[in-house]
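Coordinate analysis (summary)
Chain by chain, the residues:
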Amino acid sequence: VAITTRLLVSHLSGIRHYEKDITKVKEEKEKANRAFKLTKPYQDKEQKEKEGKEIEKTDSVKPRKEREGDIKSRNSKPGRRDKEFEQEEYYLKEKFESVIESLKIFKNDPLFFKPGDQFLYSTYGFTLLSAVVERVSGQKFTDYMLKMFRDLDMLSTVLDDNEAMIYNRARCYVYNKKGRLVNAPYVDNSYKWAGGGFLSSVGDLLKFGNALLYSYQAGQSKNTNGKLLPGYLKPDTVAMMWTPVPKTEVSWDRDGKYAMAWAVVEKKQECGCCRQQRHYASHTGGAVGASSVLLILPEELDSEAIGTGLVVPPRGVIVSIICNMQSVSLNSTALKIAREFDKEKQAQ
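Not measured: the values here are computed from a predicted model.

Let's talk about the side chain of Thr-248
By the element assignment, Thr-248 lies in the loop between α8 (235-241) and β5 (257-258). The class for Thr-248 is buried, based on a relative accessible area of 2%. What Thr-248 contacts, discounting residues up to four positions off in sequence, is Ser-10, Leu-12, Phe-119, Lys-257 and Tyr-258.

Printed below as a string of structure tokens:
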């Protein structure tokens, strides 16, 4: 078989995640699909009711069914046990000196399916991707990334190295089997730098989001007399990264598809005065003792304003949340925040 970098970045490679048993993976997928089919009709009904009545409901007067739906959808109840974090490989303590060396964890394991046939989120797919970057660039993946973070002015983004003294590094927490808050166990992330091995701050993630949004919109601003600096990436590159890939899915946002290292919801409205989807890109992060999300909601730019050069990118809303607690679902919260700020901007 042939595995391309595009398949890796869209999780279509067939490389396993932390679970080694394909039967268990299939069972979990079937359970998730059944649960989605059961809850979707109620979610759609609630959404239509909410959009049909142009009033804001406070938490104190929400109907009982709506309150229960909100609680179930949050999935961030303290003490919630996430089955994924029961996988032993999340808690590896071995230190790997290079990305190439860490490939030994999974390189002899069989593929779960033919590359390109099915979607399976895989941290190890990104470990292999980082090995590609290392070989092509001719330098260590970590050095390559730290230089990129410096170019982006993300000076607080560093390797999550246990030995290094890192200023303002937060302690991380988990709930134990009894539901009590405890310190997260020691792990070494050198086996997955690309898939969850960096420490960052809310401010740095906002800079990263702004750089991407600027790159995405810079190509739309034509009449700037050469005063507009180029984006870090070409507009077409970001557009490609934010274009949904067939056969993919997103566990944390059922409206979306996976693109290239991003979950993407496309602009959509099937009928007048009915549910509207805005185009946005997001990604959540989960590690031992930590959760995060970065969501980018681009502003729908007016073509006349773009032509006159009055609109300078980046234009939109970017939400970044980092939480030093494990298994906290943050995407829906980030989307609500983004929509509130977007509503405010439109009202001005």
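After presenting the structure, the write-up continues.
Section: the packing of aromatic side chains
This model, assessed by the stated rule, comprises 12 aromatic pairs. Plain terms: the ring middles of Tyr-90 and Tyr-91 are 6.4 Å apart, the flat faces sit at 55° to each other, and that makes the pair tilted. On the basis of relative accessibility, which here comes to 4%, the residue Tyr-90 falls in the buried class. Tyr-91 sits in the partly exposed class, given a relative accessible area of 24%.

Re the pairing of strand β8 (residues 290-298)
With seven of nine residues buried, β8 lies mostly within the body of the structure. In terms of strand pairing, strand β7 (residues 280-287) meets β8 through seven bridges, oriented antiparallel. Bridge pairing in β8 places Ala-287 opposite Ala-290. In sequence, β7 turns back onto β8 through a hairpin of two residues, with Gly-289 there showing a positive phi of about 85°.

Digging into the sheet that holds strand β9 (residues 316-323)
Reading across the sheet, the five strands line up as β5-β6-β7-β8-β9 and stay open at both edges, with antiparallel pairing between neighbours. Where the open sheet ends on each side, the last strands, each with one partner, are β5 and β9. Sheet analysis places β5 next to strand β6 (residues 263-265), joined by two bridges and oriented antiparallel. Its bridge partner lying in β6, Tyr-258 is registered against Ala-263.

A few points about unusual backbone geometry
Between Pro-313 and the following residue, Pro-314, the backbone shows a cis peptide bond with an omega angle of 0°. Topologically, Pro-314 is positioned in the loop between α9 (303-308) and β9. The backbone phi angle of His-11 is positive, close to 60°, even though this residue is not glycine. Tracing the backbone shows His-11 in the loop between α1 (5-9) and α2 (22-52). The phi torsion at Cys-273 lies on the positive side, around 60°, for a residue other than glycine. Take Cys-273: it is sitting in the loop between β6 and β7. On the basis of relative accessibility, which here comes to 85%, the residue Cys-273 falls in the exposed class.

Quick word on helix α10 (residues 331-347)
Each full turn of the α-helix corresponds to 3.6 residues, which orients residues three or four apart in the same direction. Taking 1.5 Å as the rise per residue, α10 with 17 residues should run 24 Å; its terminal C-alpha atoms sit 24 Å apart, in good agreement. Three or more residues of α10 are buried, namely Asn-331, Ala-334, Leu-335, Ala-338 and Asp-342. Projected down its long axis, α10 shows its buried positions confined to an angular sector of 95°, all on one face. Away from its buried face by more than 90 degrees, α10 exposes Lys-336, Glu-344 and Ala-347. Against the buried residues of α10 lie β7, β8 and β9.

Side note on the confidence of the model for the protein chain
Note that predicted coordinates carrying low pLDDT should not be read in detail. Per-chain confidence: the protein chain averages 86 in pLDDT, with 83% of residues scoring 70 or above. Here helix α3 (residues 64-74) stands out as the element of the protein chain with the lowest mean pLDDT, 40, in contrast to α1, whose mean of 98 is the highest. In the model, residues 50-79 has pLDDT below 50 throughout and makes 20 contacts with residues more than four positions away in sequence or in other chains.

Structural notes on the pattern of salt bridges
Summed over the entire model, instances satisfying the criterion amount to 16 salt bridges. Note that Lys-207 is salt-bridged to Asp-153, the shortest N-O span being 3.1 Å. Of the two residues, Lys-207 is situated in helix α7 (residues 202-218) and Asp-153 in the loop between α6 (141-151) and β1 (158-159); the sequence distance between them amounts to 54 residues. A salt bridge links Lys-343 to Glu-340; the shortest N-O distance between them is 3.3 Å. Linking Lys-343 with Glu-340, this pair stays in helix α10, spanning three residues, or about one helical turn. Overlapping salt bridges bring together Arg-16, Lys-20, Glu-89 and Asp-109 as one network.

Section: the state of the cysteines
A complete count under the given rule lists zero disulfides for this structure. Between Cys-271, a free cysteine, and Cys-274, which holds the nearest cysteine sulfur, the sulfur-to-sulfur gap is 4.9 Å. With a relative accessible area of 46%, Cys-271 lands in the partly exposed category.

Procedures and definitions
Residues numbered from 1 in each chain as written. Predicted model: local features only at pLDDT ≥ 70, side-chain atom pairs only at ≥ 80, totals over all residues. Heavy atoms only, no water. Helix = DSSP H or I, 4+ residues; strand = E, 2+ residues; numbered from the N terminus. Buried < 20%, exposed > 50% of the residue type's maximum accessible area, 1.4 Å probe, protein only. Contact = heavy atoms within 4.5 Å. Phe/Tyr/Trp six-rings, centres within 6.5 Å; stacked < 30°, edge-to-face > 60°. Pairing = 2+ DSSP bridges. Expected span 1.5 Å × (residues − 1). Arc of directions from axis to C-beta. pLDDT = per-residue confidence, 0-100. Salt bridge = Lys/Arg side-chain N within 4 Å of Asp/Glu carboxyl O. Disulfide = S-S within 2.5 Å.

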